[in-house]
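# Coordinates in review
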Amino acid sequence: MTSYGRESFLVRKGLELGATLCGVRVFDRTTVPAFLAAAGLLDVDQQLRGISQFVTARRHG
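Presented here is a report on the structure given in the accompanying data block. Values in this document were obtained by computation on a predicted structure and should not be read as measured data. (Residues numbered from 1 in each chain as written. Predicted model: local features only at pLDDT ≥ 70, side-chain atom pairs only at ≥ 80, totals over all residues. Heavy atoms only, no water.)

## Overview of the pairing of strand 2 (residues 42–49)
Strand direction decides the pairing type here: strand 2 and strand 3 (residues 52–58), joined by six bridges, are antiparallel. Its bridge partner lying in strand 3, Gln47 is registered against Phe54. Taken together, strand 2 and the strand that follows it, strand 3, pair antiparallel across an intervening segment of two residues, in which Gly50 is found at a positive phi of about 60 degrees. (Pairing = 2+ DSSP bridges. Helix = DSSP H or I, 4+ residues; strand = E, 2+ residues; numbered from the N terminus.)

## Focus: the pairing of strand 3
With two bridges joining them, strand 1 (residues 2–3) and strand 3 adopt antiparallel strand pairing. Directly across from Thr2, in strand 3, lies its bridge partner Gln53.

## Quick notes on the pattern of salt bridges
In this structure the tally under the stated criterion is two salt bridges. Lys13 is paired through a salt bridge with Glu16; the nearest N and O atoms lie 3.2 Å apart. Residue Lys13 and its partner Glu16 are both found in helix 1 (residues 9–22); the two are separated by three residues, about one turn of the helix. With a shortest N-O distance of 2.5 Å, Asp43 and Arg58 are connected by a salt bridge. Separated by 15 residues along the polypeptide, Asp43 in strand 2 and Arg58 in strand 3 bring together distant segments of the chain. Take Asp43: its relative accessible area is 53%, and that puts it in the exposed class. (Salt bridge = Lys/Arg side-chain N within 4 Å of Asp/Glu carboxyl O. Buried < 20%, exposed > 50% of the residue type's maximum accessible area, 1.4 Å probe, protein only.)

As far as function goes, none of this settles anything; it's purely spatial.
Right, here's the structure in full:
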């Protein structure tokens, strides 16, 4: 589970400002799944809920 910055520019900028104050990074919808796929993980699945994203994957074998 990690943050999700939403698609709306205004919502995203508001979340990023709040996150910066707290020391948290806000991710878009492509970064975490792409990172897991580049690491060789399979069956990457993502569920977006509010300002959170739940991303799962599995190792080969």
